[in-house]
Amino acid sequence: MKKKALAMVLTAVMAMSMTGGTITYASGDSGENAEKSIVLISKSYQNQFYQAAFKGAQAAGEEFGFTVTTNGPDSESNISQQVDQVAAAVNQKPTAIAVAACDPIALQDVLTKAKENGIPVIGFDSGVPDDQSGAVLATAATDNEKAGAMIAEKLFEDEEFQTKMLAGTEDKPAVIGILAQDSTSGSIVLRVNGFVAEMVERLQTLEGMEGAVEVSGQTIWNQESENPAKITLEITVPPSTTQADIQTAASTMLNNEDMSVLFAANQGAVDGLLGATADGNDLDKENGKYKDLIVVGFDAGKGQKEAIKKGSFFGSATQDPYTMGYEAVRMANDIYEGKTPEDVDTGVKFYNSENIDDEDIAILLYD
């Protein structure tokens, strides 16, 4: 039984790595526990972050006796495709649906239909922030506001960072660039919220910087400084979440000679930045075109891990997508058993070239 279940897990994982469709994983023998089922719908099916979440869901499916079906749009900008996928999941009438919303507003009608049909919804990763349907009962996710603040704190503790900030003047403000792949996803918005709030507060403790820090670039985050700005947090959001648009946005940011720090707020933003810097070679601290730029990232992925190991990145924050997927299915099991699910903070850790191979960090990093 255990060998058969394990074989099914491996088959599903291999299939997911090769195809972009829907993968169904049924725990146990055919027909066993068939009434317990969950559909997980990510923001981007092929994204390695969500592939790791699917693996966690499959493990929980085996443990709790759930049939687990995974799906997601071709890209995070394909909002209509995700809406159709959630609608199709509602029609399947599973025990529960778990979703990471590309656009929470766009999903409201179909989530209302889920509630009307008695199908509970669980959020994972970015979840469905500000849900008005009442269908979403709980979410398994990183506390993204706390995570963004942690990144700001780590940067501020660095002596080189403070030196660059103190060099800012009214005529030539120091610039911290923030590359956010969108301004609608709950995880991205909260992450930037946390980073901006913590960074603005800390920067104003530097000598001569009180009231001289502004935030610009995007209306939802803009903040005017009380005094003429000496430091600017400049936020860039590309026109879409395609890698081409993110890479173009990163290239534009790199043309700003006053930018001395860059925060890429998720794996998509990091990948776009790496694409704009010859796979990160231009960030090399010895000979790179942007060798003096302090870069901090988020999430993982092969390119980002290589940049961390080389020291091209100051560091990054890693979430725990595996646990997100696992907890989504565990919550579904709670619902099945008549329990009330509660939100779960799946945590975040900071990693750099010094600790990337530590056991507690390495287990959270995916390719």
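On a predicted model such as this, the values are computed, not experimentally measured, just so you know.

Engineer: Would you mind going over the packing of helix α8 (residues 243–254) against helix α9 (residues 267–276) with me for this structure?
Structural biologist: How two helices sit against one another is set out by the angle between their axes and by the gap between those axes. Where α8 contacts α9, the two axes come as close as 8 Å, and the packing angle between them is 65 degrees. Where α8 crosses over α9, the handedness of that crossing is right-handed. Touching Q243, I246, Q247, A250, S251 and L254 of α8 are G268, A269, D271, G272, L273, G275 and A276, all from α9.

Engineer: For this particular structure, what's the right way to read helix α7 (residues 186–203)?
Structural biologist: Residues separated by three or four positions in an α-helix point in the same direction, a consequence of the helix having 3.6 residues per turn. The end-to-end C-alpha separation of α7 is 25 Å, in line with the 26 Å expected for 18 residues at 1.5 Å each. The buried count for α7 comes to 13 of 18 residues, which makes it a mostly enclosed element.

Engineer: Can you walk me through the sheet that holds strand β11 (residues 294–298) in this structure?
Structural biologist: Strands belonging to one sheet form pairs held by backbone hydrogen bonds; the direction of such a pair is parallel or antiparallel. Read from one edge of the open sheet, seven strands run β8-β9-β7-β10-β11-β12-β14, paired in mixed fashion. Each having just a single partner strand, β8 (213–216) and β14 (349–351) make up the two edges of the open sheet. Strand after strand, the sheet turns through a mean of 15 degrees between neighbouring axes, direction not considered. As judged from the three bridges shared by strand β10 (residues 259–264) and β11, these two strands associate in the parallel manner.

Engineer: It is not clear to me how the pairing of strand β4 (residues 96–99) should be interpreted in this structure. Could you clarify?
Structural biologist: Within a regular beta strand, the side chains point alternately toward one face of the sheet and then the other, so they alternate between its two faces. Residue alternation in β4 divides its side chains into two sets, A96 and A98 and I97 and V99, and both sets are buried. In this structure, strand β2 (residues 37–41) lies alongside β4, joined through four bridges in parallel fashion. When the sheet's bridge partners are listed, I38 is paired in β4 with A96. With three bridges joining them, β4 and strand β5 (residues 121–124) adopt parallel strand pairing. Across the sheet, I97 pairs through a bridge with V121, a residue of β5. Between the parallel elements β4 and β5, the chain passes through helix α4 (residues 108–116) in a crossover that is right-handed.

Engineer: Any chance you could explain the pairing of strand β6 (residues 136–141) here in plain terms?
Structural biologist: Of all six residues that make up β6, five are buried, and the element is covered over most of its length. Sheet analysis places β5 next to β6, joined by four bridges and oriented parallel. When the sheet's bridge partners are listed, V121 is paired in β6 with V136. Bridging between β6 and strand β13 (residues 344–345) involves two bridges; their strand directions are parallel. From the neighbouring strand, A140 faces β13, where its bridge partner is V344.

Parameters at a glance
- Residues numbered from 1 in each chain as written.
- Predicted model: local features only at pLDDT ≥ 70, side-chain atom pairs only at ≥ 80, totals over all residues.
- Heavy atoms only, no water.
- Axes fitted to C-alpha atoms, helices over the stretch in contact; angles between N-to-C directions.
- Helix = DSSP H or I, 4+ residues; strand = E, 2+ residues; numbered from the N terminus.
- Left-handed = near helix turned anticlockwise from the far one by under 90°.
- Contact = heavy atoms within 4.5 Å.
- Expected span 1.5 Å × (residues − 1).
- Buried < 20%, exposed > 50% of the residue type's maximum accessible area, 1.4 Å probe, protein only.
- Pairing = 2+ DSSP bridges.
- Right-handed = clockwise from strand over helix to strand, strands pointing away.

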